[in-house]
Amino acid sequence: MNLKYLFFPLLAVLLSTGLYCSFAYNFSQFGAQGNHFVEVLHLYAEVPDGSILFVGDSQIREDVDCTVIEDLLKDSPPCFNLGVAGMRPFQVALQKDLIISARPSKVVIGITPASFDETINQNDDFFMLMSSSVTPSSYLLERLDSDELELISMNRFQRLLYKRKFILPYFLSFLHRSSSSEAVVPAGNNLKNPHQFEDIQSAEELEQKLQDPKVLGIFSFGDHPRREREAFAYLTASLKAEGIEVVVVQMPMNPITFNVVPADSLQQYNDYIQGLSEIIGFRLVNIETDFSAEYFTDLTHLNREGSRLLSERIARGEYDVI
Amino acid sequence: MLFNSVPFLYFAVVVLLFLLIVKTRKYQYLFLLFASYFFYYFSSGPLVVLLLFSSLLDFFCGKAIHDSKSDKNRKWYLAVSLIGNLGVLAFFKYTNFAIKTTNMVASWFGNDPHLPLAHIILPIGISFFTFQTMSYTLDIYFRKLKPTDSFLRFALYVSFFPQLVAGPIIRASDLLPQLDKPITITQENFKHGMALVMWGLVKKMVIADNIAAFVNVFFADPTAYPGSIPIIVGAIAFTIQVYCDFSGYSDVAIGLARIMGFHFPLNFDKPFFSKTIAEFWKRWHISLSTWFRDYLFMPLMRKGFTKTRLYISVLIVYFTSGLWHGAGWNFVIWGTLHGVFLLIGMATRDWRQRLAVKTKLSSFPRFHNLIKTLFTLYLFVLSLLIFRLYDPSYILYAVKKFIFVDFSGWSAQLGSLLPQFQVPLFFVIVFMIIHTLTYFKRGFVSSVAQKGYFEWTIYLTGMCLLLYFFSPTQTVQFFYFQF
């Protein structure tokens with residue numbers, strides 16, 4: 001056989017690579033949370049200086065309505081809700097430089113004990129999605145595992161290859177879109193009020209849920225990986241060092257949770273956050289127990305009414321957040 | 001080094017370029033031997049010495065058996081070879097199994113010996129290459145083969161990288177004669193081989209690996225699924241995963257060998273269209289089935305045919321086949337169960353034929369065949385639950401749900417599976433369609449290879465696109481590597 005016949009397989013590889021890359025380059029559907037996170041990443045470059053940024057996971061996303069805050073506080077700086085479901089403190093910490101470059105006047109970080117859990121709050125795709133815009137500090141680099149490191153340090157071609165993970169699910173989602181229960185951020189939301197959860201779970205359902213050790217485990221602060229706490233401390237300290245005011249809000253939790261989660265576990269969480277607040281000097285606002293069960297959709301997320309009420313209280317200064 | 005990995009791509013390109021440039025037979029084979037040992041070393045490190053040990057043992061035993069004048073000496077040398085090979089296999093693969101079994105049996109009698117497990121790493125593909133070398137000495141012992149004079153050729157036969165870690169188990173009589181001439185990569189072999197390699201990679205990386213995502217979640221705890229529908233879907237998905245994974249590997253192995261001009265026999269021949277379990281094993285992992293037939297079943301039947309001897313031999317063969325697949329009682333039960341299926345099939349053949357006449361089924365041969373095919377498939381899928389699930393309570397639960405089908409809430413169960421596992425389930429359906437189409441239109445890959453370069457390039461491009469678009473982002477190891 002002549003060497004020249006290798007040309008044809010090579011041509012096939014080049015052709016398929018070219019076709020795939022051109023498709024993947026223009027493909028930007030990463031699922032509901034992925035798309036939402038991409039919007040957040042884009043927003044950092046666009047927010048006006050001095051804005052107030054609410055960051056965190058789904059507690060922030062569901063509970064804070066920036067349109068209510070802006071309506072009530074006419075002269076306040078613009079407010080943005082950048083909460084993303086599944087976003088962990090570690091992943092927020094990786095965005096530290098982006099947050100600083102947006103030059104906000106204040107960053108409000110919403111947390112619950114569940115925020116520090118890596119079993120349920122887990123979306124490794126976020127590492128890939130921010131890989132083009134984030135350079136991890138050496139402190140965070142040391143705490144990344146090998147898979148995460150690979151994801152966060154992807155080059156352009158690797159990102160294009162990774163995108164294939166989303167292509168088929170996107171097209172198949174058309175088959176069952178009508179019956180899909182996956183929450184989607186409303187279009188044109190401008191990251192002010194990305195409230196998504198509408199299905200309300202009954203008290204019986206929630207009590208039953210809490211019988212599951214896996215669900216109960218997400219509130220066991222002492223069992224969560226240390227690196228989430230370290231990243232949280234690193235994030236708050238870094239923002240403070242840049243002169244950005246940091247407010248940490250211990251977000252509302254359904255009263256049912258307090259009946260089941262061991263008190264010492266919650267105490268451990270409270271002690272840690274309190275201690276950190278004193279060391280780093282961020283303002284701590286604890287509103288964990290301020291909402292009755294009727295304002296929740298589940299164990300940790302407020303319903304629309306609860307979200308409106310919380311936002312009003314923030315705007316009216318009942319909570320010392322803004 | 002996995003076939004579906006980037007390092008293997010570099011490795012294959014280097015081997016191919018070398019064979020294209022260097023035309024001297026001796027250097028080609030020396031290089032192939034070096035490449036094969038490197039290939040094994042890459043995944044197994046120092047355990048590569050086992051390959052050398054096995055090759056040396058059987059090379060010299062084969063010669064000694066051939067040169068021996070007395071039957072007694074021939075038997076002795078054969079025993080040395082078998083003890084050496086099976087000893088290595090037993091030590092690396094079955095030591096911990098024996099310890100676990102001892103602990104278990106002792107606990108039944110109220111003792112608790114707590115024998116600690118040994119820290120033994122299972123060398124990849126040990127079951128395959130020991131069986132391959134054993135076939136060489138056995139063939140010489142049965143006077144079917146003359147030993148080779150060249151250790152280089154023999155060592156290459158044992159370690160030839162395409163089939164080294166997961167088969168097919170090639171007989172010396174098939175490969176050694178092909179190692180006589182220089183390797184010439186012809187257009188025809190190159191086209192056919194490449195077409196088969198790509199076909200195998202798509203089967204493995206697109207179908208098997210996507211389905212694995214669902215199977216792994218489902219088999220982690222089948223008791224989490226209350227009805228029968230998820231169990232049935234999970235079992236079918238696993239069946240397809242194993243088939244595409246293993247036959248995909250075989251296709252790549254056969255294709256790689258073909259590129260270099262070597263012809264390996266078929267290892268899978270549309271097994272899901274078998275009408276009996278006996279036929280199934282003539283179509284599934286053919287190289288292993290024929291190995292057991294020639295080197296275990298036939299010797300067991302040598303003393304003459306009796307029904308009792310036949311039944312016992314069948315059970316021994318399938319028991320051993322189960323044990324070969326894995327060091328666990330679930331594998332043993334799985335293998336023995338197939339033997340039992342086979343015996344029941346043999347024992348009831350006349351009765352089933354009479355029943356088919358009585359019910360007029362025999363008047364509709366196609367429909368009759370369809371029923372037989374579906375029933376065979378049902379038995380195989382059922383048996384795979386035992387193969388895949390290690391926990392006895394999981395096995396009992398899943399088998400019960402599979403046999404006593406509980407349709408309650410089936411639409412809700414299916415509805416909850418669909419959004420979560422849309423991609424794996426999509427590929428289950430895609431496989432069923434492709435498998436059926438290629439059954440009725442045989443020789444699809446060969447026909448592609450016979451087309452001109454334009455059509456062949458389009459085919460390769462299409463296959464590459466399938467890999468680009470639909471292979472999962474994580475590389476998944478071949479399922480049969482564990483055996």
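Trainee: Help me get a handle on the overall build of chain A, residues and values and all.
Mentor: Of the regular secondary structure elements, chain A holds 17 helices and five strands. Relative to the 2.2 N^0.38 estimate, which gives 20 Å for 322 residues, the radius of gyration of chain A is 21 Å and therefore close to what a compact globule would have. The principal-axis extent of the C-alpha atoms belonging to chain A is close to 80 × 45 × 40 Å. Expressed as a percentage of its 322 residues, the buried residues of chain A come to 37%. A separation of at least 24 residues holds for 83% of the contacts in chain A among residues at least 6 apart in sequence.

Trainee: Pulling in residues and values, what's your account of helix H15 (residues 365–388) of chain B?
Mentor: With 24 residues, H15 of chain B extends 34 Å between its outermost C-alpha atoms, agreeing within 8% with the 34 Å of an ideal straight helix rising 1.5 Å per residue. Looking at the buried side of H15 of chain B, the elements it contacts are helix H8 (187–220), helix H9 (228–259), helix H10 (277–283), helix H13 (329–347) and helix H16 (392–403) of chain B.

Trainee: If you had to explain the domain arrangement of chain B to someone new, which residues and values would you point to?
Mentor: All names here are of chain B. Split by domain assignment, chain B resolves into domain 1 (6–180) and domain 2 (189–482). In this complex, domain 1 contributes 23 residues to the contact, which on the side of domain 2 involves 22 residues. Mapped by element, the contributors of at least two residues to the side of domain 1 that touches domain 2 are helix H1 (6–21), helix H4 (71–108), helix H5 (126–141) and helix H7 (172–175). Looking at the side of domain 1 that touches domain 2 residue by residue, the class counts come to 14 nonpolar, seven polar and two charged.

Trainee: Describe the nonpolar core, listing the residues and the values that go with them.
Mentor: Residue and element names in this part refer to chain B. In this structure, Tyr157, Ala195, Met198, Ile207, Ile211 and Leu460 are the most contacted members of the largest nonpolar core, which totals 112 residues. Looking at which domains feed residues into this core, each of domain 1 (6–180) and domain 2 (189–482) gives three or more. Every residue in contact with Ala195, bar those within four places of it in the chain, is listed here: Val445, Val448, Ala449, Trp456 and Tyr459.

Trainee: If you had to explain the pairing of strand S1 (residues 52–56) of chain A to someone new, which residues and values would you point to?
Mentor: Residues and elements named next belong to chain A. Within S1, five of the five residues are buried, leaving the element largely enclosed by the surrounding structure. Here S1 shows a buried face lined by Ile52, Phe54 and Gly56 and a second buried face lined by Leu53 and Val55. Bridge analysis of S1 against strand S2 (residues 79–81) gives three bridges, and the strand direction is parallel. Of the residues in S2, the one forming a bridge with Phe54 is Asn81.

Trainee: Give me the packing of helix H12 (residues 307–325) of chain B against H13 of chain B: which residues, what numbers.
Mentor: To describe two helices that pack against each other, one gives the angle between their axes and the distance between the axes. All names here are of chain B. Axis separation between H12 and H13 bottoms out at 7 Å; the angle between their running directions is 150 degrees. By the angle between their directions, the pair H12 and H13 is classed as roughly antiparallel. Between H12 and H13 the crossing geometry is right-handed. Taking contact as the criterion, the partners of Tyr311, Val314, Leu315, Val317, Tyr318, Phe319, Ser321, Gly322, Leu323 and His325 in H12 are, on H13, Phe331, Val332, Ile333, Trp334, Gly335, Thr336, His338, Gly339, Leu342 and Leu343. A breakdown of the residues in the contact of H12 with H13 according to their chemical character gives 13 nonpolar, seven polar and no charged.

Trainee: Tell me what's going on with unusual backbone geometry, and back it up with residues and numbers.
Mentor: Residue and element names in this part refer to chain B. One non-glycine residue, Lys270, lies in the positive phi region at around 50 degrees. Judged by the 16 C-beta atoms lying within 10 Å of it, Lys270 is partly exposed. Within the chain, His285 stands out as a residue other than glycine whose phi angle is a positive 45 degrees. Tracing the backbone shows His285 in the loop between H10 and helix H11 (286–300). Judged by C-beta crowding, with 22 C-beta atoms within 10 Å, His285 ranks as buried.

Trainee: So what's going on with H13 of chain B? Which residues, and what values?
Mentor: For H13 of chain B, built from 19 residues, the straight-helix expectation of 27 Å at 1.5 Å per residue is met to within 8% by its first-to-last C-alpha distance of 26 Å. Every buried residue of H13 of chain B is listed here: Asn330, Phe331, Val332, Trp334, Gly335, His338, Gly339, Phe341 and Leu342 of chain B.

The rules behind each value
- Per chain, the residues get numbers from 1 upward, laid out in the order the sequence is written.
- Chain letters start at A and ligand numbers start at 1, both assigned in the order the entries are written.
- pLDDT decides what is reported in this predicted model: residues at 70 or higher carry local features, side-chain atom pairs at 80 or more are listed and counted, and totals for whole chains, interfaces and linings draw on all residues regardless.
- By definition, any uninterrupted DSSP run of H or I lasting at least four residues is a helix, any uninterrupted run of E lasting at least two residues is a strand, and each is numbered from the N terminus.
- Atoms considered for the radius of gyration are the C-alpha atoms alone. The globule rule reads 2.2 Å times the number of residues to the power 0.38.
- Here the C-beta atoms are placed from the backbone, and a residue counts as buried if at least 20 other C-beta atoms lie within 10 Å of its own, exposed if 12 or fewer do, and partly exposed otherwise.
- A pair of residues counts as a contact when their C-beta atoms, built from backbone coordinates, are separated by no more than 7 Å.
- Expected helix span is taken as 1.5 Å per residue step, with the number of steps being one fewer than the number of residues.
- The split of the chain into domains comes from an automatic or database domain assignment.
- For this classification, Asp, Glu, Lys and Arg are treated as charged, while Ala, Val, Leu, Ile, Met, Phe, Trp, Tyr, Cys and Pro are nonpolar and the rest, including Gly, are polar.
- For the purposes of this analysis, a nonpolar core is taken to be any set of buried Ala, Val, Leu, Ile, Met, Phe, Trp, Tyr and Cys residues that are connected through C-beta atoms within 7 Å.
- Note on pairing: two strands pair once DSSP finds at least 2 bridges between them.
- To obtain an axis, a line is fitted to C-alpha atoms, over the contacting stretch when the element is a helix, and the angle between two such axes runs from 0 to 180 degrees between their N-to-C directions.
- Working definition: roughly parallel below 35 degrees, roughly antiparallel above 145 degrees, roughly perpendicular at 65 to 115 degrees, and oblique for all remaining angles.
- Each crossing is labelled by how the near helix is turned from the far one, with a counterclockwise turn of less than a right angle marking it left-handed and a clockwise turn marking it right-handed.

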